[in-house]
Amino acid sequence: MINFVIPLADWVNAIFEIVSFYISPVLRSLSSFLEIIIKWFETVLLWPPEAVIMIVIGLIVWRLAGKRLAVFAVAGLLITFGLQVWEETMTTIVLALSGTAVSLLFGIPLGIIASQNDMAERILRPILDFMQTLPSFVYLIPAVMFFGMGKVAALVATMIFAMPPAVRLTNLGIREVSREMVEAARAFGSNKWQTLIDVQLPLALPTIMAGINQCIMMSLAMTVIASMIGAGGLGLVVLESMQMLDIGMGTVGGAGIVILAIILDRLTENITKKQELSKN
Amino acid sequence: MDLIEVKNLFKIFGKHQKKALELIKKGYTKKQIMEETGQTIAVNNVSFKVKAGESFVVMGLSGSGKSTLIRCLNRLIEPSSGTIIVDGKDVTSMDQSELQDLRRKKISMVFQSFAVFPHKTVLENAGYGLKIRGLTQDERDKKACEALELVGLKGWEDSYPSQLSGGMQQRVGLARALATEPEILLMDEAFSALDPLIRKEMQNELLELQNKMNRTIVFITHDLDEALKLGDRIALMKDGAIVQIGTPEEILMSPATNYVEKFVEDVDRSRVLTAEMVMKKPTAVVIFPKDGPRVALHSMRENGISSVFVVDKERHLQGLVMAEDALKAVENNQKDLETILQSDIPSVLPDTPLKDIFTFLSGKSVPLAVINEEKKLLGVIVRGSVMAKLAEGGTVND
């Protein structure tokens, strides 16, 4: 009889135990740092009256993407207020945006490194593939193991899930900058750093923006899933409605997420467009 | 003084450059090496010198290695072997920072694809090299403005390249290269992407600029007309090697190989030859106002001509006297040439191309005067001598 068993689960558990033992002090400080950010961000959005937040968001969107989207954003937020999921919506915004911020914080530099160094790209690519193809639920387990239930774990899971497009598209964008541009920069005596800052990054910006857009969308998607480990927010509304088979409540939570998704998506899209328009 | 000196330069593309170099030394041909090692020899044992202030044109068909060669000069492409001396310094042994310094101060480049930065304004583009050199905003804007004015783009400073036509974009590229006030300008097929009319215009403007600035230019082209027009000397490249170096006239009149001969076969000689090359020394002139109609008539009889040029004591051209008019004046016992002097006669400058001379010669029996800018008479062109020169060129080609 063949008894061929790969005890992958045991291996991974063993590794995690060791890793968590050694790095838990680091994780604890990271965890408290992230927690402070989230708390602070949440307070900023939840402490003032709702109307003030709506107006401020409306103005920011107006400034970044024009009047039409600003009107839509205010109307959308008004709807979430009317649906009585204001607090949950704000929590979701906080999670999605901090998830995006942290993803970009790591993702863009990693993308830049990958674009400058073929070796780095070869190492990163399978890792990114792995991160993207792994079912998103799987992230939740190590996140909980390292950080415990709660928003920090949710944020970490979101970051891991949302980072790959930022890395990939930053790398791609820089590599796609035409050889002539890079050659011209070099011909005038630019070093690698000058070429990167002055030529490659600005020319890669539309692609990088597409990466940021995807990153935001994936963060938003992950906040729903991360509600299982205590992310709260609109995801929790959806999760609870699922557990109680409450179609009505599910629709409310879903609607909130869709509104946020549309606002954030159009916002990044319009920022990119505006940049390109200014050159024509 | 030689500003650029290239000695035994090789560039081989591929992973086994050393092996290919050994085979070259053993006398293998480019094709054999390709078969044996899979290595492409882009530049094959090229040596040349460029004098300061010279316009040196490297000409060849696509794939002849000329673009690779020009990129070796500032090491955008690493040469495989050989030396490149620029202004007494060996470029091939420079480290990265010396090389950057060379590119920032001494050598700048203009590209076939323009390669202007689409995300920068015209002014920022022109000031790019200065920015990299570390100049302050004010300094570089000032110099960039000057360079833009030089190429005729004043008033376009705040535009983006996408708002400009191809010709104007290349002017931006030229301004960017000139703004750093380099000693050497590398121009890689700089005008090839432009349509013929704009290309001509740019060529003329480059010549004008060159008159003012007197930089050393290495110009790459596949267009013989362009090479002849712009080059003080031309190097013809084939399969990575230089087959002939010479002045435009040398290349045309005595092609070194069949290849060069084929190349120059189609060139219309009348565009290359200039008035200076076909003119004769004036066999006879009369001095005004010293000489009278009798002297003029005598001089014409003596030389067997039907008209004679009249100059003053400093040989400034005054006009022409025809034999029949002189004869009448003698019969009427006139003392001076004043009444019969035709002062409204055609004349050309020594560098006028032959094709422009034909229009003067056709249908007129009077000879054409060649004068310099001070109107001094330098020579005479008669129809016969032009034909002779054209025919002489023809025999070289056959």
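Residues numbered from 1 in each chain as written. Chains lettered and ligands numbered in written order. Predicted model: local features only at pLDDT ≥ 70, side-chain atom pairs only at ≥ 80, totals over all residues. Heavy atoms only, no water.

Some details on the packing of helix 7 (residues 137–150) of chain B against helix 8 (residues 166–179) of chain B
All names here are of chain B. Rules: Whenever a helix is involved, its axis is fitted only over the stretch in contact; in every case the axis is a line through C-alpha atoms, and angles between N-to-C directions fall within 0 to 180 degrees. Segments assigned H or I by DSSP are reported as helices when at least four residues long, segments assigned E as strands when at least two residues long, and all are numbered from the N terminus. If an angle is under 35 degrees, it is roughly parallel; if it is over 145, roughly antiparallel; if it lies from 65 to 115, roughly perpendicular; otherwise it is oblique. Crossing handedness is defined as follows: a turn of the near helix away from the far one that is anticlockwise and smaller than a right angle gives a left-handed crossing, while the clockwise case is right-handed. Note on contacts: a residue pair is in contact if any heavy atoms of the two residues lie within 4.5 Å. Gly counts as polar in this scheme, as do all residues outside two lists: the nonpolar Ala, Val, Leu, Ile, Met, Phe, Trp, Tyr, Cys and Pro, and the charged Asp, Glu, Lys and Arg.
Between helix 7 and helix 8, the least distance of the axes is 8 Å, while the angle of their chain directions is 130 degrees. The orientation of helix 7 relative to helix 8 falls into the category oblique. When the axes of helix 7 and helix 8 are compared, the crossing they make is right-handed. For the pair helix 7 and helix 8, contact is made by Lys-143, Ala-144, Ala-147, Leu-148 and Leu-150 and by Ala-175, Leu-178 and Ala-179, respectively. In terms of residue class, the contact of helix 7 with helix 8 is built from 7 nonpolar, no polar and 1 charged.

Section: the domain arrangement of chain B
Interface size is commonly expressed as the accessible surface area that is lost when the partners come together. The line we're drawing: For each domain, the first and last residues come from an automatic or database assignment.
Parsing chain B into structural domains produces domain 1 (52–79 + 90–268) and domain 2 (276–391). When each unit is reduced to the centre of its C-alpha atoms, the spacing between domain 1 of chain B and domain 2 of chain B is 43 Å.

A look at the interface of chain A and chain B
Worth spelling out the cut-off: Note on definitions: buried area is the accessible-area loss of two parts on being combined, 1.4 Å probe, summed for both. In the sections that follow, a salt bridge refers to a side-chain nitrogen of Lys or Arg positioned within 4 Å of a carboxyl oxygen of Asp or Glu. Two N or O atoms form a polar contact when they lie within 3.5 Å of each other; inside protein one atom must be a possible hydrogen donor and the other a possible acceptor, and for residues adjacent in sequence the pair counts only when both atoms belong to side chains.
Taken together, the contact between chain A and chain B spans 19 residues of the former and 27 residues of the latter. The contact between chain A and chain B buries some 2,100 Å² in all, and 58% of this surface belongs to carbon and sulfur atoms. Our count for the contact surface shared by chain A and chain B stands at 3 salt bridges. Salt-bridge contacts for Asp198(A) lead to Lys131(B); the nearest nitrogen and oxygen are separated by 2.9 Å. Linking chain A with chain B are 8 residue pairs in polar contact (both at pLDDT 80 or more), by the criterion used here. Considering every element that reaches the side of chain A that touches chain B, the biggest residue donor is helix 8 (residues 179–187) of chain A, with 7 residues.

What to know about the pairing of strand 6 (residues 107–110) of chain B
The two faces of a sheet get side chains in turn, since along a regular strand they alternate between them. Residues and elements named next belong to chain B. This is how the line gets drawn: Exposure classes here rest on a 1.4 Å probe applied to the protein chains alone. A residue is buried below 20% of its type maximum, exposed above 50%, and partly exposed in between. Two strands qualify as a pair provided DSSP detects at least 2 bridges between them.
Across the two faces of strand 6 the burial is the same, with Ile-107 and Met-109 and Ser-108 and Val-110 all buried. Across 4 bridges, strand 6 lies against strand 7 (residues 184–188) in parallel orientation. Bridge pairing in strand 7 places Val-110 opposite Met-187.

Observations regarding the sheet that holds strand 16 (residues 377–381) of chain B
All names here are of chain B. Here 3 strands make up an open sheet; going across it, the order is 14-15-16 and the pairing mixed. Since the sheet does not close on itself, it has two edges, and those belong to strand 14 (347–348) and strand 16, each with one partner. Across 4 bridges, the pairing between strand 15 (residues 368–371) and strand 16 is antiparallel. Across the sheet, residue Val-370 finds its bridge partner in strand 16, namely Gly-379. Lying on the sheet, helix 17 (residues 354–361) is in contact with strand 14, strand 15 and strand 16; it crosses strand 15 at an angle near 140 degrees.

A closer look at the nonpolar core
Residue and element names in this part refer to chain B. Rules: Here, the term nonpolar core denotes a set of buried Ala, Val, Leu, Ile, Met, Phe, Trp, Tyr and Cys residues that are joined through side-chain atoms within 4.5 Å.
By size, the foremost hydrophobic cluster in this structure holds 158 residues, and its most contacted members are Ile-4, Leu-73, Met-187, Phe-191 and Phe-219. With near-sequence residues (within four places) excluded, Met-187 lies in contact with Ile-70, Val-110, Leu-174, Leu-206, Ile-217, Val-218, Phe-219 and Ile-220. Counting 15 residues, the second-largest nonpolar core is a separate cluster that includes Ala-296, Met-300, Ala-329 and Leu-337.

Structural notes on the sheet that holds strand 2 (residues 40–51) of chain B
Residues and elements named next belong to chain B. On the basis of which strands lie adjacent, the open sheet formed by 4 strands has the order 2-1-4-5 and antiparallel pairing. For this open sheet the edge positions go to strand 2 and strand 5 (89–90), each flanked by a neighbour on one side alone. Across the sheet, helix 1 (residues 17–25) lies against strand 1 (2–13), strand 2 and strand 4 (81–86), angled at about 110 degrees from strand 1, the strand it touches most. On the sheet, helix 3 (residues 66–73) packs against strand 1, strand 2 and strand 4 and is oriented at approximately 120 degrees with respect to strand 1.

A short note on the pattern of salt bridges
Under the definition given, this model contains 22 salt bridges over all chains. One salt bridge in this structure joins Arg75(B) and Glu78(B), with 3.1 Å as the shortest N-O distance. Between Arg171(B) and Glu205(B) there is a salt bridge, and its shortest N-O distance comes to 2.6 Å. Here Arg171(B), found in helix 8, pairs with Glu205(B), found in helix 9 (residues 196–213); they are 34 residues apart in sequence, far enough to count as distant. A relative accessible area of 10% places Arg171(B) in the buried class. A network of salt bridges, in which partner residues are shared, links Asp118(A), Glu121(A), Arg125(A) and Arg175(A).

Points about the packing of aromatic side chains
The way to describe two aromatic rings as a pair is by their centre distance and the angle between their planes. Applicable threshold: Pairing of aromatic rings covers Phe, Tyr and the six-membered ring of Trp, with a centre-to-centre limit of 6.5 Å; geometry is then stacked below 30 degrees between planes, edge-to-face above 60, and tilted otherwise. Lysine and arginine charges are scored as sitting over a ring when NZ or CZ, respectively, is within 6 Å of the ring centre and within 35 degrees of the ring normal.
Taken as a whole and assessed by the stated rule, the structure comprises 5 aromatic pairs over all chains. Between Phe81(A) and Trp86(A), the aromatic rings sit 6.2 Å apart at their centres with planes inclined by 80 degrees, giving edge-to-face as the arrangement. Judged by its relative accessible area of 39%, Phe81(A) falls in the partly exposed class. For Trp86(A), a relative accessible area of 7% puts it in the buried group. We note Arg176(B) situated over the ring of Phe117(B); from NZ or CZ to the ring centre the distance is 5.1 Å.

Details of helix 4 (residues 96–105) of chain B
By the burial criterion, the buried members of helix 4 of chain B are Leu99(B), Gln100(B), Leu102(B), Arg103(B) and Arg104(B). The inward-facing, buried residues of helix 4 of chain B contact helix 8 and helix 9 (192–225) of chain A together with strand 4, strand 6 and helix 6 (128–133) of chain B.

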